[in-house]
Amino acid sequence: MTVRHDGITVEWLGYATLRFAGEETVVYTDPGRYGVLTGEWEPDTDGVGHPPARDYRPEDADVVCLTHVHHYDPDGVDRVAGPDTTIVAYEAIEEHVEDRELPPLSSLPYDVETVGDRDSLTVGDVPLWTVPAYNEPDGPHTRPDGTPFHPEGFGCGFIAAVEGKRVLYPGDTDALGPHQNVDVSVFCPPIGPRFTMDRHEAAALAAAMEPELVVPVHYNTFSTLETDSRAFAADVAGAGVPVALDET
C-alpha cells in the first residue's frame, strides 16, 4: 500500500516494514520477516494475511531503522540497503542475536549506529528520534505468566523527519503515556491485538496525538494479529483524523 501525503510517500510493505520517501530521501523501518519482501508471505488457511509480495530489492535506502531483534532480518536489510546506507539499530539487538542465530550488527557491510530509546541523531539529511517501546508488566499484552512479550529495554520506536515531515513508527509496544506528547505528521501504529497495542488503544492514542494522517500496520499478518481495521479507521476518523488502510 502506497500513500502520498504532503510531499512524501508512505508505503507499507507488510508486517512492520515501512518505506518513507521524499524527493531525495528514503527511510525504511524493520525490513523483512515472514517473506514480506520475497513473495513468501502467504495468507493463513483461514484467509488472514496479505497476498504474497513481489521479489523486492530496490537497494535505495538512505537509512534503515531497526526497532528490536524480532524484526532484525539481515536479508531484508540487504534488499533495501545500498552501499551508502546507514543502519540505525536499537542497542539491545546485539545482546540477543546469538539467541536467534543471527549475525551481529557489526558484520553488516554498512555503517551502523546504535541508539537507546530516548536518543536523537541526524544521519545525512535525516533527523531521527527514538521513543520507548515496551509492553507493560502484567498488562494485556503479556504471556500467561504476566511477563511482557517486549519488556522495557528490549526495543524502541523511531521518528524520522523526511524532508520536513515527521513520521512515527512506535515499534512493538503498548500505547504509552510519552507517546501522547509526540508531535508528528504521520503516525503508523501497530494494531494487531496480541503483541502490541490493539486497535482500540491505537485509536485512542491517535486521537490524543492528532497527527495529519494515520497509516496502521502490523495487522492481519497471521491469525494472532487479525483485527477489524475498518472499525479502527472509523474510530480514528470519528476523532477527525484521516486514515489510510490496506484492504487488499
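We now turn to the structure provided with this report. This is a predicted model, so every value here is computed, not measured.

Moving on, we come to helix H4 (residues 229-238). Residues of H4 that are buried: Ser-229, Ala-231, Phe-232, Ala-233 and Val-236. N-capping of H4 is provided by Asp-228, with a side-chain oxygen placed 3.3 Å from the backbone N of Arg-230. Within two residues after H4, Gly-240 carries a phi angle of roughly 85°, on the positive side.

Moving on: unusual backbone geometry. Although it is not a glycine, Asp-6 adopts a positive phi angle of roughly 50°. Classification of Asp-6 as exposed rests on a relative accessible area of 54%.

So, on to the packing of helix H3 (residues 199-209) against H4. The geometry of H3 relative to H4 is characterised by a closest axis approach of 9 Å and an angle of 25° between their N-to-C directions. For the element pair H3 / H4, the angle class is roughly parallel. Two packed elements cross with a definite hand, and for H3 against H4 that hand is right-handed. In this structure, H3 uses Arg-199, His-200, Ala-202, Ala-203 and Ala-206 to contact H4, whose residues at the interface are Ala-231, Phe-232, Asp-235 and Val-236. For the contact of H3 with H4, the class distribution of residues is six nonpolar, one polar and two charged.

Next up on the list: the pattern of salt bridges. Once the charged atoms of two side chains with opposite charge are near each other, the side chains can pair. Tallied over the full model, the rule gives nine salt bridges. The salt bridge partner of Glu-59 is Arg-57, with a shortest N-O separation of 3.7 Å. Ionic pairing is found between Asp-75 and Arg-79, a salt bridge with its closest N-O pair at 2.9 Å. Taken together, the residues Asp-75 and Arg-79, both in helix H1 (residues 74-80) and four residues apart, mark about one turn of the helix. Where salt bridges share partners, they join Asp-6, Lys-165 and Glu-212 into one cluster.

Attention shifts here to a negative patch on the surface. Together, Glu-23, Glu-24, Asp-62, Asp-84, Asp-111, Glu-113, Asp-125 and Glu-163 line one region of the surface with negative charge. Residue placement: Asp-62 occurs in strand E5 (residues 61-66). Take Asp-62: its relative accessible area is 32%, and that puts it in the partly exposed class.

This part takes up the pairing of strand E9 (residues 126-133). Most of E9 sits out of view: six of its eight residues are buried. Sheet topology note: the strand E8 (residues 120-123)/E9 ladder contains four bridges and is antiparallel. Paired with Val-123 across the strands is Val-126, a residue of E9. Connecting E8 to the antiparallel partner E9 that follows it, the hairpin turn spans two residues, and Gly-124 within it adopts a positive phi of roughly 60°. Note that E9 and strand E10 (residues 155-162) share six bridges and pair antiparallel. Its bridge partner lying in E10, Thr-130 is registered against Phe-158.

Let's shift gears to the sheet that holds strand E1 (residues 2-5). An order of E1-E2-E3-E4-E5-E6-E7 is seen for the seven strands of this open sheet, with the pairing classed as mixed. Each edge of the open sheet is held by one strand with a lone partner, namely E1 and strand E7 (111-115). The sheet shows a mean angle of 20° between the axes of neighbouring strands, direction not considered. When E1 meets strand E2 (residues 8-14), the two strands line up antiparallel, connected through four bridges. Opposite Val-3, over in E2, you have Val-10 as the bridge partner.

What counts as what
- Residues numbered from 1 in each chain as written.
- Predicted model: local features only at pLDDT ≥ 70, side-chain atom pairs only at ≥ 80, totals over all residues.
- Heavy atoms only, no water.
- Buried < 20%, exposed > 50% of the residue type's maximum accessible area, 1.4 Å probe, protein only.
- Helix = DSSP H or I, 4+ residues; strand = E, 2+ residues; numbered from the N terminus.
- Polar contact = N/O pair within 3.5 Å; in protein donor to acceptor, adjacent residues only side chain to side chain.
- Axes fitted to C-alpha atoms, helices over the stretch in contact; angles between N-to-C directions.
- Parallel < 35°, antiparallel > 145°, perpendicular 65-115°, else oblique.
- Left-handed = near helix turned anticlockwise from the far one by under 90°.
- Contact = heavy atoms within 4.5 Å.
- Nonpolar A, V, L, I, M, F, W, Y, C, P; charged D, E, K, R; others polar.
- Salt bridge = Lys/Arg side-chain N within 4 Å of Asp/Glu carboxyl O.
- Patch = residues over 30% accessible without salt bridge, like charges linked within 9 Å, V, L, I, M, F, W, Y side chains within 5 Å.
- Areas by Shrake-Rupley, 256 points an atom, 1.4 Å probe, with all protein chains shown as cover.
- Lys, Arg positive; Asp, Glu negative; His and termini not counted.
- Charge placed at Lys NZ, Arg CZ, Asp CG, Glu CD.
- Pairing = 2+ DSSP bridges.

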